[in-house]
Structure formats: structure tokens, C-alpha cells
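# Structural description and commentary
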Number of protein chains: 2
Amino acid sequence: MKENTGKTKYILLGLLAHQPQTGYTIKKAIEYEYSHFWQESFGQIYPTLKQLVKEDLAVIMEGQESDSTRGQKLYQITEKGKKVLITWLEQAPEIEKLRYELLVKVSFGEAAEPKVMLEHLDDFIKRNDKNIREMNFFLEELSKLRLQGDDHTYKELTVLSGKYFYTAMRDWALEAKHIISERKVDPS
Amino acid sequence: MKENTGKTKYILLGLLAHQPQTGYTIKKAIEYEYSHFWQESFGQIYPTLKQLVKEDLAVIMEGQESDSTRGQKLYQITEKGKKVLITWLEQAPEIEKLRYELLVKVSFGEAAEPKVMLEHLDDFIKRNDKNIREMNFFLEELSKLRLQGDDHTYKELTVLSGKYFYTAMRDWALEAKHIISERKVDPS
DNA sequence: AATCTCATGTAATGGGTTACATGATTTT
DNA sequence: AAAATCATGTAACCCATTACATGAGATT
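What counts and how
Here the residue index of a chain counts from 1 through its sequence in written order. The lettering of chains begins at A and the numbering of ligands begins at 1, in the order of writing. Given that the model is predicted, a residue must reach a pLDDT of at least 70 before its local features are reported, and side-chain atom pairs must reach 80 or more before they are shown or counted; all residues, however, enter totals for whole chains, interfaces and linings. Water and hydrogen atoms play no part in the side-chain values, which are based on all heavy atoms of the structure. Counting from the N terminus, the helices are the DSSP runs of H or I reaching at least four residues and the strands are the DSSP runs of E reaching at least two. For each residue, the accessible area found with a 1.4 Å probe, counting protein chains only, is set against the maximum for its type, and the residue is called buried under 20%, exposed over 50%, and partly exposed in between. By definition in these notes, contact holds between two residues if any of their heavy atoms fall within 4.5 Å. Calculation of accessible area relied on Shrake-Rupley with a 1.4 Å probe; when residues are assessed, cover is drawn exclusively from the protein chains displayed. Note that His is not counted, nor are the chain ends; the positive residues are Lys and Arg, and the negative ones are Asp and Glu. Charge placement uses NZ in Lys and CZ in Arg. For Asp and Glu, CG and CD serve respectively. Salt bridges, as used here, are contacts in which a Lys or Arg side-chain nitrogen is within 4 Å of a carboxyl oxygen on Asp or Glu. In protein, a polar contact means a hydrogen-donor-capable atom and an acceptor-capable atom, both N or O and within 3.5 Å, with residues adjacent in sequence counting only if both atoms are side-chain atoms; elsewhere, any N or O pair within 3.5 Å suffices. Only buried Ala, Val, Leu, Ile, Met, Phe, Trp, Tyr and Cys residues count toward a nonpolar core, and they belong to the same one when joined by side-chain atoms within 4.5 Å. The copies are overlaid by a least-squares fit using only the C-alpha atoms of residues whose pLDDT is at least 70 in both copies. Any pair of Phe, Tyr and Trp rings, taking the six-membered ring for Trp, is counted once the centres come within 6.5 Å. Such a pair is stacked with planes under 30 degrees apart, edge-to-face with planes over 60 apart, and tilted for the rest. Candidate patch residues must exceed 30% relative accessible area and have no salt bridge, after which like charges are joined if within 9 Å and Val, Leu, Ile, Met, Phe, Trp or Tyr side chains if within 5 Å. Multiplying one less than the number of residues by 1.5 Å gives the expected span of a helix. Just so you know, the domain bounds were taken from an automatic or database domain assignment. Once two parts are put together, the accessible area they lose, assessed with a 1.4 Å probe and summed over both, is termed the buried area. Polar here means any residue outside two lists: the nonpolar Ala, Val, Leu, Ile, Met, Phe, Trp, Tyr, Cys and Pro, and the charged Asp, Glu, Lys and Arg; Gly therefore counts as polar.

As a further point, take the overall build of chain A. Across its full length, chain A holds seven helices and two strands. Listed N to C, the secondary structure of chain A is α-α-α-β-β-α-α-α-α in terms of helices and strands. Expressed as lengths along the three principal axes of its C-alpha atoms, the size of chain A is roughly 75 × 45 × 35 Å. Buried positions account for 43% of the 188 residues belonging to chain A. When contacts within chain A are restricted to residue pairs at least 6 apart in sequence, those whose partners lie at least 24 apart make up 64%. Working note: accessible area of chain A is about 10,500 Å², and carbon and sulfur atoms make up 52% of it. Side chains of chain A carry 28 positive and 30 negative charges; the gap between the two charge centres is 4 Å.

In C-alpha cells:
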């Protein structure tokens, strides 16, 4: 088995710290709540869960399953796991590197017809608009929960970051389209 | 040798379309002008250049080196290479996936002391401010070149995207700090 | 009965960074 | 003479996705 010095381990600990879960529900949770800034595949999740158990950071909750769980394994974080999680949270996060294929294409825009980049930007704007609507929807949901005394401040912050991010990208693309169009009309 | 179905190939073609270059100058160009949205290592660049030659997308410029080039190989894009580049530019870019460790940590913020996330956010704000200043500097430089009749519209667009992006991230972090602090003072 | 979703897991493959190896030229 | 930079390249390793294999339970 691999050593796994990466981040998957800590994401899983963070999710297990919230509530005991199976590999499958962890995957679904990441897809639903983290996909705009993080992703994990089954190929990472299952081996890493095994690793967590091996390192005493999590245990499989045996017995007392009320309903007949078919084959699933419910993982629970240990005290040691909580400590490891907190230590990791305190460490400075890695400086983020982006890989934005759209921007690479735009940078080579001169080599193509202006229409090509304008179309890519249109698609990009649509995508970002969709994401902005999604972020707004989540913010409303979280705000409702808050009124019911159910606080999710930190989750809200990540959704808010998505809103800021997608809005900035959309606004940039609108300006970029404008700049390219101007130039097309008046190539002085 | 690897097949390399990835993007490296096209980035190199895009850079070679601008001017003939060596692997080394390509690396430096990517570090200087692309690092905020793309990166490549020597371990990718050199094998890919070989591959380009093998596929007739680039050739090594032999002879006529005026100054004694020590061991370096100057690569030049071929007509076939230009066609392949244009075809790639026309294809829709891959939908971008982010991996933002800071946001993962923030999402687990409840498990740590508020001070921990506030400090991470402070660092993040500083980093973004630095990047914003850098983008502004680049924009000024490009604007000067423009006055001299040297157009870099598409390059400017990518720098502008950086400015939008880093500004949005900084503004979000400022609001996030505010929200966490409010909550700390008044934990009703 | 067939199909869909739940559920776990492994193997193959790909893509990328880092470390290492080598040597020339330039700067201090 | 030593150190820094220029310059190319390979090997090891790591991380991650995808494809595949298996099977239970639920739905049509």
C-alpha cells in the first residue's frame, strides 16, 4: 500500500470529525459540498480509509447497526485522529497553484480567429453564471438553517468564496469579450 | 517514452509559435509569464520537445548559430505544428477544477481555534495583495509597450484575469475575517 | 427478470514533480 | 579558483483518475 503523504488523509479526517461515515457517503459529501474547490475519487478514498485505521486515526464501528447494513463500513474518528486533524489545520496551507486551460488558450489568442476566443469566453460566462446561481442557492439554504439555530458559519465562508470567485471570473470574461470586440472593430 | 496526451504539448507549441526557443527559455517564459495560471517542469518539457520533433510538429534549428551556442537546442514550430495548435485552440478548454487547501481548512474551521483560521486568512490576504501589485505592474508595462505600437492584447487579458481573481480572493478573505471575528465576539 | 443504485475494492495508467547526473560558460 | 547560472536530460516517485471486478438490495 502507498504511504499517502498527501492531503486526502486530512480531508477524510475532517469529514469523519463531523460524523461517522462510510467511504461512499464521504464521496457523495465531497461531490456535493466540496466539488468547487476539492475532489477525491474512490481510488483515493478507500485505500486512505484503510490507512487511517492502520494508523489508529479512525476505527470501523462494529456491531449495533440497527438496520441491516449491506457490506458497508462505518468509520469513526479516534482521539488520536482528532489531534492529527487539529495539528494539520494549524499548519499553513500550501500555496495554491492554478491550471487554467482557458487562460492558456486566451494567451495564444493571436494565433486563432477572434471569434474562437469569444466563443470560449461565452461558454465560460455561462458556466460561471450557473455556478453563481448555485452558490446563491446554497447561501439561502444555509441562511434558513441559521434561523433555525443551526450554525454553519465555516461552510458558509467556503460557499461565499465560490460566489466571489465565480463572479470575478464572469466579470473578467465580460470585460475580456469587450476588449477583444473593440479591437476587432478598430484594429488601429 | 510516454505518450503525453496532456496539455504540455500544446503550451510548448503555443510558445514556439511566438518565436523559436530552447527548453530552458521555455521554462523561464512559463515561470515568468504563466506561473499564476500554469506551470511546467523540466521533467515535462524536455521529453515533450523530443516528442514534438518525432511528430513533425517542431524541428531543431541546425547550423547558422551566430554565437557559439553551448549545447542548447533551438526548437522551431513547423507548419504542421501550427495547424495542430490552431485545432487545439478551437476546442473547448477543459472545465477547470480547483484544489484549494485553504478552503478545505476553512471548511473544518469549527474544529480549531478561531485564531488559527484568522491567521491563515491574514497570510492569504498578504499573498493576494502581493499578486495584485504584481498584476498592476505587468499591466503598466504592457500599457507602455502598447503606446510604442507593440500590441499584447491577449497577454493583457490573462494578466487582467489575475487581477480580478486575486482581488476577489482578497476581498473574500477580508469579509471572512470579519464574519469570524463578529461571531467570536458575539457567539449567540 | 432486468436494471438501477448502493457499496467496496484493486489494477492499470497517466501526468507531474523532484532528485539526480552531467557539463559548459559566466561571474565573482 | 570557486560559485552561480545556463543547459539538457533521465529515473524514481507520488498522486490521482479511470477502468474494472464484485456483489447486495431496491426499483421497475
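Quick look at the interface of chain B and chain A now. How big an interface is tends to be stated in terms of the accessible area lost upon association of its parts. Contacts between the two partners involve 62 residues from chain B and, on the opposite side, 62 residues from chain A. Inspection of the chain B/chain A interface yields eight salt bridges. Between E40(A) and R99(B) there is a salt bridge, with the nearest N and O atoms lying 3.6 Å from each other. Counting across the interface, chain B meets chain A through 30 residue pairs in polar contact (both at pLDDT 80 or more).

To continue, consider the nonpolar core. Counting residues in each nonpolar core, the largest one holds 102 residues, and the members touching the most others are W172(A) and W172(B). Look past the residues within four positions of W172(B) in its chain and what remains in contact with it is L157(A), L160(A), S161(A), Y164(A), L102(B), L103(B), V106(B), L121(B) and F124(B).

Attention now goes to the relation of the copies chain B and chain A. Mapping chain B onto chain A calls for a rotation angle of 180° and an axial translation of 0.0 Å; the resulting RMSD is 0.0 Å. In the structure described here, the two chain copies are related by an operation that fits a two-fold rotation axis. Across chain B, the smallest distance between a C-alpha and the rotation axis is recorded for A168(B), namely 3.1 Å. When you check the interface residues of chain B against chain A, 100% turn up at the interface there too, and the contact is symmetric in its surfaces.

Each aromatic ring pair is summarised here by two numbers: the centre-to-centre distance and the angle between the ring planes. Residue and element names in this part refer to chain B. Going through the model one piece at a time under the given rule, you end up with 21 aromatic pairs over all chains. Measuring from centroid to centroid gives 5.5 Å for Y34 and F37, while their planes differ by 55°, and the two rings are tilted. No difference in accessibility class separates Y34 from F37, as the two residues are buried. With a centroid separation of 6.3 Å and 90° between ring planes, the pair formed by Y100 and F124 is classed as edge-to-face.

For the rest of this paragraph, the subject is a nonpolar patch on the surface. All names here are of chain A. A cluster of nonpolar side chains, namely Y24, F42 and Y46, defines an oily patch on the protein surface of about 310 Å² accessible area. In this fold, F42 is placed in helix 3 (residues 42-54). With a relative accessible area of 31%, F42 lands in the partly exposed category.

Here the focus is helix 6 (residues 114-147) of chain A. Spacing of three or four residues puts side chains on the same side of an α-helix, whose turn is 3.6 residues. Between its first and last C-alpha, helix 6 of chain A extends 49 Å over 34 residues, near the 50 Å set by a 1.5 Å rise per residue. A positive backbone phi angle near 80° is found at G149(A), which sits one or two residues after helix 6 of chain A.

As a further point, take helix 1 (residues 8-18) of chain B. Buried residues dominate helix 1 of chain B, accounting for nine of its eleven residues. Of the residues making up helix 1 of chain B, those classed as buried are T8(B), K9(B), Y10(B), I11(B), L12(B), L13(B), G14(B), L15(B) and L16(B). Taken together, the buried residues of helix 1 of chain B touch helix 5 (101-107) of chain A together with helix 2 (23-34), helix 3 (42-54), strand 1 (58-60), strand 2 (75-77) and helix 4 (79-90) of chain B.

Residues and elements named next belong to chain A. If you check the domain split of chain A, you get domain 1 (8-90) and domain 2 (101-185). Contact with domain 1, which involves five residues of that partner, is made by six residues of domain 2. Of the roughly 490 Å² buried between domain 1 and domain 2, counting both surfaces, carbon and sulfur atoms make up 56%. At the boundary of domain 1 with domain 2, the tally comes to one salt bridge. Where K155 meets E33, a salt bridge forms, and the shortest distance between an N and an O atom there is 2.5 Å. Our enumeration of links across domain 1 and domain 2 arrives at two residue pairs in polar contact (both at pLDDT 80 or more). Classifying every residue of the side of domain 1 that touches domain 2 gives three nonpolar, one polar and one charged.

Following the criterion strictly, the structure yields 36 salt bridges over all chains and no others. In this structure, E55(B) engages K9(B) in a salt bridge whose closest nitrogen and oxygen atoms are separated by 3.0 Å. Taken as a pair, E55(B) in the loop between helix 3 and strand 1 and K9(B) in helix 1 lie far apart in primary sequence, 46 residues in all. Between R170(B) and D129(B) there is a salt bridge; the shortest N-O distance is 3.1 Å. Note that R170(B) is positioned in helix 7 (residues 153-185) and D129(B) in helix 6 (residues 114-147), a separation of 41 residues in sequence. Look at the salt bridges and you will find they share partners, linking E110(A), R183(A), R146(B), D151(B) and E156(B) into a network.

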